[in-house]
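Each chain is listed here by its residues.
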There are 2 protein chains.
Amino acid sequence: MDKNVFIKEPHGGNIYKASEQFGIKKEDLLDFSANLNALGVPRSLKQYIIDNLDELKNYPDPDCLQLARSLENYLDVPADMIVAGNGASEILFLLFDVLKPKKVLIPAPTFIEYSIAARQSGAEVKYMELREKDGFRLDAGKLTGAIEPGVEVVFLCNPNNPTSATYPRNELEQALEYCIKKKILLVIDETFIELTDDPAGYSMVSRIKGCDNLFLLRAFTKLFAIPGLRLGYGIGNEDLITDMAERKLPWSVNTFACNAGDVLLKDVEYLEKTRQWLLEEKEYLFNELSGFWWMKPFKPETNFILVRLLTEKYSAGSLRVELAGKGILIRDASNFMFLNDRFIRLAVKDRKSNEKLISVLRTIQC
Amino acid sequence: MDKNVFIKEPHGGNIYKASEQFGIKKEDLLDFSANLNALGVPRSLKQYIIDNLDELKNYPDPDCLQLARSLENYLDVPADMIVAGNGASEILFLLFDVLKPKKVLIPAPTFIEYSIAARQSGAEVKYMELREKDGFRLDAGKLTGAIEPGVEVVFLCNPNNPTSATYPRNELEQALEYCIKKKILLVIDETFIELTDDPAGYSMVSRIKGCDNLFLLRAFTKLFAIPGLRLGYGIGNEDLITDMAERKLPWSVNTFACNAGDVLLKDVEYLEKTRQWLLEEKEYLFNELSGFWWMKPFKPETNFILVRLLTEKYSAGSLRVELAGKGILIRDASNFMFLNDRFIRLAVKDRKSNEKLISVLRTIQC
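Residues numbered from 1 in each chain as written. Chains lettered and ligands numbered in written order. Predicted model: local features only at pLDDT ≥ 70, side-chain atom pairs only at ≥ 80, totals over all residues. Heavy atoms only, no water.

Q: Got a minute to help me understand the overall build of chain A in this structure?
A: When helices and strands are tallied, chain A shows 13 helices and 13 strands. In chain A, which comprises 366 residues, the share counted as buried stands at 63%. Put simply, of all contacts in chain A between residues at least 6 apart along the chain, 72% involve residues at least 24 apart. Carbon and sulfur atoms make up 49% of the accessible area of chain A, which totals about 14,000 Å². Taking the average location of the 47 positive side-chain charges in chain A and that of its 52 negative ones, the two points are 5 Å from each other. (Helix = DSSP H or I, 4+ residues; strand = E, 2+ residues; numbered from the N terminus. Buried < 20%, exposed > 50% of the residue type's maximum accessible area, 1.4 Å probe, protein only. Contact = heavy atoms within 4.5 Å. Areas by Shrake-Rupley, 256 points an atom, 1.4 Å probe, with all protein chains shown as cover. Lys, Arg positive; Asp, Glu negative; His and termini not counted. Charge placed at Lys NZ, Arg CZ, Asp CG, Glu CD.)

Right, dumping it as structure tokens:
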């Protein structure tokens, strides 16, 4: 076997590389490695693009004014507390580039890019372990206890990637109170928040007005299944947002992304179908996976499932290779801090795809 | 009159802001402030996007492999000497972010973002004046004479924005020889090079293989009139390109930009029509402008014309306001280093638009 097939990918969703790596056409790979709305690209967006192809001849609005106004309405937050970016990842790197914090605390396992962005800005990164036996949940007391002197930013992900656990609202409120008192910035990545069963209940967006110590990361990527379009945003206090907007690459958000936000946020039919899909499929896939003796899935609270492998026959890496040969691409989760080669992550997809996954998993000899 | 109308724009092409500033719908503004191919968005690209709307559900290939291979063929340069970016501007900022040069020399007037990117990386910026009486042309002897001790990067734009002057090939060769000897990096922004009458003759791309001291900036933006899509690239030595690729924001180039490069580079019909258009309209507009007693246009070598105002009645700023009221948006060029409020810049557009510009200019009382 070619040793290239064991190359670790830092993220899921790189079907181009996976296709080369495994010698399988990307059309023939069912991608469970990227956590996206299974409804696919909204029809409303496609129509918008078709109707506005000639808009490409204009530079994008560097201030994304129209988008900021749509978001102002959607979030009930003033436009000057919002900065749009080339996906949440531009906002993440920009935030650290502007803040240049000395020390950052990150509860983990979590999305790997936080520590990459923090280190790139010169920060020292401290981790606090979210433990499997606590269901990877956040305890505010433990979190604040882990905040060493010198920590200037605490970085959370809610719901958390890859654990699919939400953090209780009261724990977040306690953590925020502590951060306010200690003049620490609490950053919460809420890029999956709209794919939970109670976005308004879990999100801290209602707390952001007048609060200088809270910053939220959001994106259109997961909710609307459009990672290829590149659209994310940050919400924070006006001074920080101004600094970020000044430092930002001009025109980093392309014209379609810049102008289509309003169309997407008003696509009520798509959003309603999303709720239905998630409610049914999250449950369905979790229950089906729970039926395998060799897998321990953790109860998902958003559109992906973390799984511990209980069989010794496969590691995350070798299972990934085995499944790719059967047309299924999964996320080897062993490169997340505090996880190991026993962990994989699976996206919740549409019923037909989920059934296909289950039937392929049944062919695996453990 | 609202004082907002005198707000200086750092760049041309912001029709969103201009539209707000002047209270004119953007559809009613003929934009001579952005220097783009007047043929507009290629039909081949539109068709490609329409046929591939569902590709947005995939993350873009972070390495833009397909694009790099198309460019390898187009430029006759190995793919590992090429890095793609969110417009040439991402490449520009990334280059400085990786190099962090102590001191940079920039012949000016030229595109403003070079010095912004250089200063943001911590560099000291030195300017060398390109003089009007020399036709804003580059003299290699003067350039190398202006290279102080400590200069690590020399940054040129060829053809130069806003002067529309190309730099003679022999002067560039001399400058490069000097840079090689002194271990200085010569960076040339060639984003307009394909909109000259001899791209192969003016470009230094044939010199780049095996040369560690040359870096070229290129883009699809101007040639294909797609500033809204965001696609540029850098060409340089493998080590520098590797460092830039590692430092780059993941997925900064969206899926359409990433995948459409090949379609565009093979659109022979569009490229041929472009040559025809440019040949005729550059000449036409220059000749027409030369007929006004109150304007001194400089002979253009690419798709825009720098003009000195000879009348005292208008400054660049007040003429911009006057013309906006008549549905024409021009570039006030007074914020370019070494220029002043006597200078404007006009894009070369299609015949109908150029005629409209001329007829509106005839109504101006000087």
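Q: How do you make sense of the pattern of salt bridges when you look at a structure like this?
A: Note that side chains of opposite charge can pair when their charged atoms are close. Applying the stated criterion across every chain yields a total of 57 salt bridges over all chains. B:Arg69 is the partner of A:Glu20 in a salt bridge, and the nearest nitrogen-oxygen pair spans 3.3 Å. Here A:Glu20, found in helix α1 (residues 15-22), pairs with B:Arg69, found in helix α3 (residues 65-75), and the two come from separate chains. Measuring nitrogen to oxygen at the nearest pair gives 4.0 Å for the salt bridge that ties A:Asp134 to A:Arg131. Exposure remark for A:Asp134: the relative accessible area of 30% places this residue in the partly exposed category. Each of A:Lys103, A:Glu124, A:Lys126 and A:Glu148 takes part in a single network of salt bridges with overlapping partners. (Salt bridge = Lys/Arg side-chain N within 4 Å of Asp/Glu carboxyl O.)

Q: I tried to follow the interface of chain A and chain B on my own but got confused; where do I start?
A: Frequently, the measure chosen for interface size is the accessible area that the parts lose on association. Taken together, the contact between chain A and chain B spans 51 residues of the former and 51 residues of the latter. Taken together, both faces of the contact between chain A and chain B bury some 4,400 Å²; the carbon and sulfur share is 59%. Run the count over chain A and chain B and you get eight salt bridges. Seen at the junction of chain A and chain B, the total is 22 residue pairs in polar contact (both at pLDDT 80 or more). Mapped by element, the contributors of at least two residues to the side of chain A that touches chain B are α1, α2 (43-51), α3 (65-75), α4 (87-99), α5 (113-120) and α10 (255-265) of chain A. The class makeup of the residues in the side of chain A that touches chain B is 23 nonpolar, 13 polar and 15 charged. (Buried area = accessible area lost by both parts, 1.4 Å probe. Polar contact = N/O pair within 3.5 Å; in protein donor to acceptor, adjacent residues only side chain to side chain. Nonpolar A, V, L, I, M, F, W, Y, C, P; charged D, E, K, R; others polar.)

Q: Before we go on, may I ask you to explain the packing of helix α4 (residues 87-99) of chain B against helix α9 (residues 238-247) of chain B in this structure?
A: Two numbers describe a pair of packed helices, the interaxial angle and the distance between the axes. Residue and element names in this part refer to chain B. Here α4 crosses α9 at 105°, and the two axes come no closer than 10 Å. When the axis of α4 is compared with that of α9, the two are roughly perpendicular. Contacts between α4 and α9 pair Ile91, Leu94, Leu95, Asp97, Val98 and Leu99 from the former with Leu240, Asp243, Met244 and Arg247 from the latter. Here the residues of the contact of α4 with α9 are counted per class, giving seven nonpolar, no polar and three charged. (Axes fitted to C-alpha atoms, helices over the stretch in contact; angles between N-to-C directions. Parallel < 35°, antiparallel > 145°, perpendicular 65-115°, else oblique.)

Q: Quick question: what am I supposed to make of unusual backbone geometry here?
A: Negative phi values dominate among residues other than glycine, just as trans dominates among peptide bonds. In this structure, B:Pro109 follows B:Ala108 across a cis peptide bond, with omega equal to 10°. Here B:Pro109 lies in the loop between β3 (103-108) and α5 (113-120). Cis rather than trans, the peptide bond between B:Asn158 and B:Pro159 has omega equal to -5°. For A:Ala225, which is not a glycine, the phi torsion comes out positive at approximately 55°. Judged by its relative accessible area of 1%, A:Ala225 falls in the buried class. Despite not being glycine, A:Trp251 has its phi angle at roughly 60°, a positive value.

Q: Looking at this model, I keep getting lost on helix α2 (residues 43-51) of chain B. Mind explaining?
A: Since the α-helix turns once every 3.6 residues, residues separated by three or four places project in the same direction. Every buried residue of α2(B) is listed here: B:Leu45, B:Lys46, B:Tyr48 and B:Ile49. For α2(B), the angular spread of the buried residues around the axis is 160°, confining them to a single face. Of the exposed residues in α2(B), those oriented more than 90 degrees away from the buried face are B:Arg43 and B:Asp51. Structurally, α2(B) contributes buried residues whose contacts are with α2 and α10 of chain A together with α10 (255-265) of chain B. (Arc of directions from axis to C-beta.)

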